[in-house]
Amino acid sequence: MQDDHGHTHHAQGHDHARHDHAHSHSHGFGHAHGAGHVHTPKNFGPAFAIGIALNLGFVGVEALYGWLSNSMALVADAGHNLSDVLGLVAAWIAAVLVRRAPTARFTYGLRGSSILAALFNAVLLLVATGGIIVEAVQRLLEPAPVAGTTVMIVAGIGILINGFTAWLFASGAQGDINIRGAYLHMMADAVVSVGVVLAGLVILATGFDWIDPLVSLAIAVLIIVATWGLLRDSVAMSLAAVPPGIDPEAVRAHLAARPGVRGLHDLHIWSMSTTEVALTAHLVVAGGAPDRHFLKDTADTLRARFGIHHATLQIEIEGETACTLAKDCVA
């Protein structure tokens, strides 16, 4: 279900001799009375529940056998999996909150919770990785015997569990960065478990116990590399930066080329959530107000070309409308 609607309001005031305000929205699926945007299918609730239960159980098994077999690689992977469980919980909570209807206080609803969940996941992963690095360095300085067979068996179980959990989210990985994050984390865990199995094989073949902490350090590096982009993007979203997939100059040029537009100012583009982008802009037009198709056509093209779902456009008449923001705004 999709709709596009535009409004034009006229107001008199001290700062605006004539003021036309155009408000155009482009809504996605599952909105209630035009107020909400929902991009996460409801059936991912069971996927989250199953994935959390399986991985939480595996964390306990992996940590126990890592301790019993003296394998820092298993303990490191257990710590990583625990952070992923907490990440799945945060993503699930956010997926529920983004569907909450707007209120008088939270006029956008709780869409921003998905951004906070992504930021929480990034910080959590980096903190857990710091602990892994410290312990691995200590083990490198003082190597200890490792039960290679146990390491391989437990990590092999991890491949199955993480691979299955990733499959649960595969169908939604392209439509929602929250779901895609869960999918990629689980796939990465499956690959890391493959690395742990290989470490067990090398230990059995060579007897080099230092391979185990070396693998845990490699796991830590992979986590940091994978997490850095998540941290960077979630911080940028929290600060209302233009989403990385959108070229603001291209958007500016597109709006400036719309029929009748003579100039624009106060252009802002930011993430409302991890799946939705909002835009506001003041468009200076020649003559009278634009025709009745202008707002809908502009909203449609912004959505189709740039993925901007929620556009608010203020129309100002060239030579007549005095907008104080025009002189103050540098965007």
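Residue indices follow the written sequence of each chain, beginning from 1 at its first position. Two thresholds apply to this predicted model, a pLDDT of at least 70 for residue-level local features and 80 or more for giving and counting side-chain atom pairs, whereas whole-chain, interface and lining totals are computed over all residues. Remark: hydrogens and water are excluded; side-chain values derive from all non-hydrogen atoms of the structure.

A word on the overall build of the protein
Our working rule: By definition, any uninterrupted DSSP run of H or I lasting at least four residues is a helix, any uninterrupted run of E lasting at least two residues is a strand, and each is numbered from the N terminus. Type-normalised accessible area, obtained with a 1.4 Å probe on protein chains alone, sets the label of each residue: buried when under 20%, exposed when over 50%, and partly exposed for intermediate values. The contact criterion used throughout is that any non-hydrogen atoms of two residues lie within 4.5 Å. Note on areas: Shrake-Rupley with a 1.4 Å probe; residue coverage comes only from the protein chains shown.
Along its length, the protein carries nine helices and five strands. Ordered by position in the sequence, the α and β elements of the protein form the string β-β-α-α-α-α-α-α-α-β-β-α-β-α. For the protein, buried positions account for 45% of its 331 residues. Partitioning the intrachain contacts of the protein with sequence separation of at least 6 by distance along the chain shows that 73% fall at a separation of at least 24. A total accessible area of about 15,800 Å² is found for the protein, and carbon and sulfur atoms account for 67% of it.

Focus: a nonpolar patch on the surface
Let me state the cut-off plainly: Only residues whose relative accessible area exceeds 30% and that form no salt bridge are eligible for patches; like-charged ones are grouped when within 9 Å, while nonpolar side chains (Val, Leu, Ile, Met, Phe, Trp, Tyr) are grouped when within 5 Å. We define a salt bridge as a contact between a side-chain nitrogen of Lys or Arg and a carboxyl oxygen of Asp or Glu at a distance within 4 Å.
Residues Val-61, Leu-64, Tyr-65, Trp-67 and Leu-68 make up a contiguous nonpolar surface patch of about 540 Å² in total accessible area. For Leu-64, the location among the structural elements is in helix H1 (residues 44–68). Given the relative accessible area of 43%, Leu-64 is considered partly exposed.

Quick word on the pattern of salt bridges
Side-chain pairs of opposite charge can arise where the charged atoms are in close proximity. Per the counting criterion, the structure on display carries four salt bridges. Across the pair Arg-232 and Asp-233 runs a salt bridge whose closest N-O atoms are separated by 3.3 Å. Among the residues examined, Arg-232 registers a relative accessible area of 48% and is labelled partly exposed. By relative accessible area, which is 25% here, Asp-233 ends up partly exposed.

Side note on the UniProt feature "transmembrane region" (unreviewed entry) in the protein
In plain terms, the rule: UniProt positions are given in the numbering used here, feature names are shortened, and annotations may be inferred rather than shown by experiment.
Look at the UniProt record and you will see "transmembrane region" (unreviewed entry) annotated at residues 47–68, 80–98, 110–134, 146–170, 182–208 and 214–231. In this annotation, residues 47–68 is assigned 100% helix and 0% strand; the end-to-end C-alpha distance for the span is 31 Å. For residues 80–98, the end-to-end C-alpha separation is 26 Å, with 95% helix and 0% strand making up the annotated structure.

Here's the deal with unusual backbone geometry
Most peptide bonds take the trans configuration, and most residues that are not glycine carry a negative phi. At Ala-240, a position not held by glycine, the phi torsion is positive, near 60 degrees. One can find Ala-240 in the loop between helix H6 (211–238) and helix H7 (248–256). A positive phi angle, near 55 degrees, is found at Asp-266, a position not held by glycine. Within the secondary structure, Asp-266 is located in strand S3 (residues 261–271). A residue is classified by how much of its surface remains accessible, and Asp-266, at 12% relative accessible area, is buried.

What to know about the packing of aromatic side chains
Put simply, the rule is: Here a Phe, Tyr or Trp ring, Trp counted by its six-membered ring, pairs with any other such ring whose centre lies within 6.5 Å, and the pair is stacked when the planes are under 30 degrees apart, edge-to-face when over 60, and tilted otherwise.
On inspection of all chains with the given rule, the structure shows four aromatic pairs. For the ring pair Phe-164 and Trp-167, a centre distance of 5.8 Å and an interplane angle of 25 degrees mean the geometry is stacked. Of the two residues, Phe-164 and Trp-167 both sit in helix H4 (residues 148–170), three residues apart, roughly one turn of that helix. Trp-167 gets classed as exposed once you look at its relative accessible area, which sits at 59%. Feature note: the residues Phe-48, Trp-92 and Phe-169 constitute an aromatic cluster, connected by ring pairs.

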